[in-house]
Amino acid sequence: MQDGAGKRVAVIGGGPGGAQCARRLAEAGVDVTVFEPRVLFEKACGGGIPVRGMERFPFLFDAGLPGKEIRECLIVSPSGREARFSLGDPLYVFSRGALHSFMLSRAASAGARVVPARVVSFRDAGHGAEDARGAWSVRAAAAGNSEATAFGPFDFLVAADGAAGAARRRLLPSATGAEVSQGIGYYLPGVSEGFITLKFYPRLHGYLWVFPRPDHSSAGICATLGALPAAGLKKLMDEFLKERYPEAALAAAARYAALIPGAPQDPGTARLQGDGWALIGDAAHLVDPLTREGIYYAMVSGDLLAEALCRGRPELYSDAWARHAAAELSWAAAHGNRFFDTRCIERLVFLAAASPAVARVLSDLISGRQAYRTLKRRLLLNVPLVTAQLARRAVTAPLRRCRDS
C-alpha cells in the first residue's frame, strides 16, 4: 500500500481491536470491511479497562456505553490473608457484549462495512497462497448458511479474530506461538459489588477474579494451559464463590470457557505482520502475560496498525508496537514465575494490608501507571516509609484492642 486513501482492507474479527482499527481506517477514507458473525456476545474475561485506556480512548466515557467505575480492590493471598485498598485511579468495567456492539457501531458509523458472517477461508487471489502481495479474496458464511459468499479483492488483511481464531494459524502455519492460558468462569446475575476481587493460589501461575459489571459480575479463574485440569480449576472457583455469594446467584450463573494468549518472553520472536497482512490483539498474543489483560492492548494495536496503513507504510506497525509495549510485556512474561511465587504474593498482600504506601504501588500497577520493570525499585524506595508504617501499626494495634475491650 503506497497510501491509505482508496485502498481496500479486510478486518477479520470485530472485537475492540478490529473495530477500532476499522473505524480509524474508515475515518481516513479507506474502504474497510469487517467480518464479525457475532453482533452481541459476552466474552470470557473480566471486562476491565485501566484508566490509561480510558485516557487514550475517551469515547469510552460515552453515556450510551454502560460501565461500572470501580474504586476498590480486594486481594486474597494463597493462605487466605486479605488486603482491601482504594484505587487511586478507577478501573472501568464493561459488559463485553455492550462494548462489542458499541465498538462495531462506531466503526459502521464512520463508514466501515460490517458483514455479519464467519470467515471460512481467504487467499491471495493475485499470486497464490504463499505470496501475500496480491489481492486478497475472502469467503464468509452467515450463521445458519452453509453456502459461503466471496468478498474482495482486498489490498490488506487484518487478523483480529482472537486467540482461538483461525486467521493466525493460516497466516503463520509454522509459528509455535506464545504460552497459552485456560480461562473458565461464570456470569453471576444480580451480583455487582463496588470492588474487584483477586484471589491467588499456591503454585498456580494465574488467579481467580470477580469483576462487577453494571448488572452482573464476571467471575473466573485462569492458569497456564495444562497446569491444572479444567475440573480442578472449576473446583477452586466453586469453593471460593460458594463462601462469598448467594446460592441463588450461583444457581443462575452462566458458565464460560476460553483460551487466553500470553506474550513471548523475547520481543524479537513475535511476528506481527507479513506482506499484505497483520495480526492485532489476542490474535497476535498482545496481552499482559500476568494479568491476562487484553482489551487495552487490542485497541492500541488496532490504532497503531491503522496509523501505519493510513501513512501507506504498514511495516511501521511492528516498530510502533515494539516502542509502545513489547519490552514491558516481554519482561513480565520472563518474570512470571517470580511474580506468582506464593511467598511473593503473601508478602505483597501482608504489606498492602499494613502499609498505605504499598497499597498505592499496587493501585498504580492495576491502573497501568506503574511499569513492571520498575516495580521492585519503587517498592525498595518505599522501604523506610513502609517500616515506619508497620512500626506505627505494631504500637497502635494493642492500644486499639485495649480501648475496644
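Everything below is about the structure shown above.
Our subject in this report is the structure included herewith. (Residues numbered from 1 in each chain as written. Predicted model: local features only at pLDDT ≥ 70, side-chain atom pairs only at ≥ 80, totals over all residues. Heavy atoms only, no water.)

**Some remarks on the overall build of the protein chain**
Counting secondary structure elements, the protein chain contains 13 helices and 17 strands. The buried share among the 405 residues of the protein chain stands at 53%. Within the protein chain, residue pairs in contact and separated by at least 24 positions form 70% of the contacts whose partners lie at least 6 positions apart. Summed over its atoms, the accessible surface of the protein chain is roughly 18200 Å², and 52% of this surface lies on carbon and sulfur atoms. (Helix = DSSP H or I, 4+ residues; strand = E, 2+ residues; numbered from the N terminus. Buried < 20%, exposed > 50% of the residue type's maximum accessible area, 1.4 Å probe, protein only. Contact = heavy atoms within 4.5 Å. Areas by Shrake-Rupley, 256 points an atom, 1.4 Å probe, with all protein chains shown as cover.)

**As for the packing of aromatic side chains**
Per the stated rule, a full pass over the model turns up 14 aromatic pairs. Taking the centre distance of 5.1 Å and the plane angle of 70 degrees together, the rings of Tyr296 and Tyr297 count as edge-to-face. Summarising the burial analysis for this pair, Tyr296 and Tyr297 share the class buried. Of note, Arg84 hangs over the ring of Phe195, and the distance from its end group to the ring centre comes to 4.0 Å. The cationic tip of Lys199 hangs over the ring face of Tyr201; the distance from NZ or CZ to the ring centre is 4.9 Å. (Phe/Tyr/Trp six-rings, centres within 6.5 Å; stacked < 30°, edge-to-face > 60°. Lys NZ or Arg CZ within 6 Å of the ring centre and 35° of its normal.)

**A few points about the side chain of Gln370**
Positionally, Gln370 belongs in the loop between α11 (356-367) and α12 (375-381). Side chain to side chain, Gln370 and Thr374 meet in a polar contact 3.0 Å long. Residues within four places of Gln370 in sequence aside, it is in contact with Val361, Asp364, Leu365, Leu375 and Arg378. (Polar contact = N/O pair within 3.5 Å; in protein donor to acceptor, adjacent residues only side chain to side chain.)

**Overview of the nonpolar core**
Phe35, Leu60, Phe122, Leu157, Leu305, Tyr317 and Trp321 are the most contacted members of the largest nonpolar core, which has 70 residues in total. Among the elements that make up this core, the one with the highest residue count is helix α7 (residues 295-310) (ten residues). With residues near it in sequence (within four places) discarded, Phe122 still touches Ile12, Trp136, Ser137, Val138, Leu157, Ala167, Arg170 and Leu171. (Core = buried A, V, L, I, M, F, W, Y, C linked by side-chain atoms within 4.5 Å.)

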